[in-house]
Amino acid sequence: DGFMVPVSNTFRLTSIPPGAYNLYLYASPAGAPTDFYAAVNSASPILKTAACNTGLASFVLDDNYVVYENLVLSEGDVLTISASGALAGLQLLRI
């Protein structure tokens, strides 16, 4: 088993080049539901929940991962991510 971040952590991503991004957040596929929050700067965080059902052999949207689409970042912006549950990984993809 790989390393997973325990309950209730917040991460701030800085020095991201300006542009539009999709943010993928991955939860443990065999555990309690994980609530994710994402916000750019001081905007209200947006909640998305991964249900985390057991027995999944592949990636299933809203079950073991969630996606925040079209996050627009400007120079100096901070992307804040919070997880209440098991954050197993993330991807930030420029679109």
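Before reading on, note that the structure itself is shown above.
About the thresholds
- Residues numbered from 1 in each chain as written.
- Predicted model: local features only at pLDDT ≥ 70, side-chain atom pairs only at ≥ 80, totals over all residues.
- Heavy atoms only, no water.
- Pairing = 2+ DSSP bridges.
- Helix = DSSP H or I, 4+ residues; strand = E, 2+ residues; numbered from the N terminus.
- Axes fitted to C-alpha atoms, helices over the stretch in contact; angles between N-to-C directions.
- Core = buried A, V, L, I, M, F, W, Y, C linked by side-chain atoms within 4.5 Å.
- Buried < 20%, exposed > 50% of the residue type's maximum accessible area, 1.4 Å probe, protein only.
- Contact = heavy atoms within 4.5 Å.

**A look at the sheet that holds strand β2 (residues 19–27)**
Inference 1: The sheet built from 3 strands is open, its strands ordered β5-β2-β7 with antiparallel pairing. Strands with a single pairing partner mark the edges of an open sheet, and in this sheet they are β5 (65–73) and β7 (87–94). Between one strand axis and the next, the sheet turns through 20 degrees on average, direction left out of account.
Inference 2: The pairing of β2 with β5 spans 7 bridges and is classified as antiparallel. Residue pairing for β5: Tyr 24 is matched across the bridge by Val 67.

**Overview of the nonpolar core**
Inference 1: Counting residues in hydrophobic clusters, the biggest one holds 18 residues, and the most contacted among them are Leu 23, Leu 25, Phe 36, Ala 50, Val 66, Tyr 68 and Leu 79.
Inference 2: Listed by contribution, the elements that provide at least two residues to this core are β2, β3 (34–40), β5 and β6 (79–84).
Inference 3: With residues up to four places along the chain from it excluded, the contact list for Tyr 68 reads Tyr 21, Asn 22, Leu 23, Leu 25, Phe 36, Tyr 37, Ala 38, Ile 46, Leu 47 and Lys 48.

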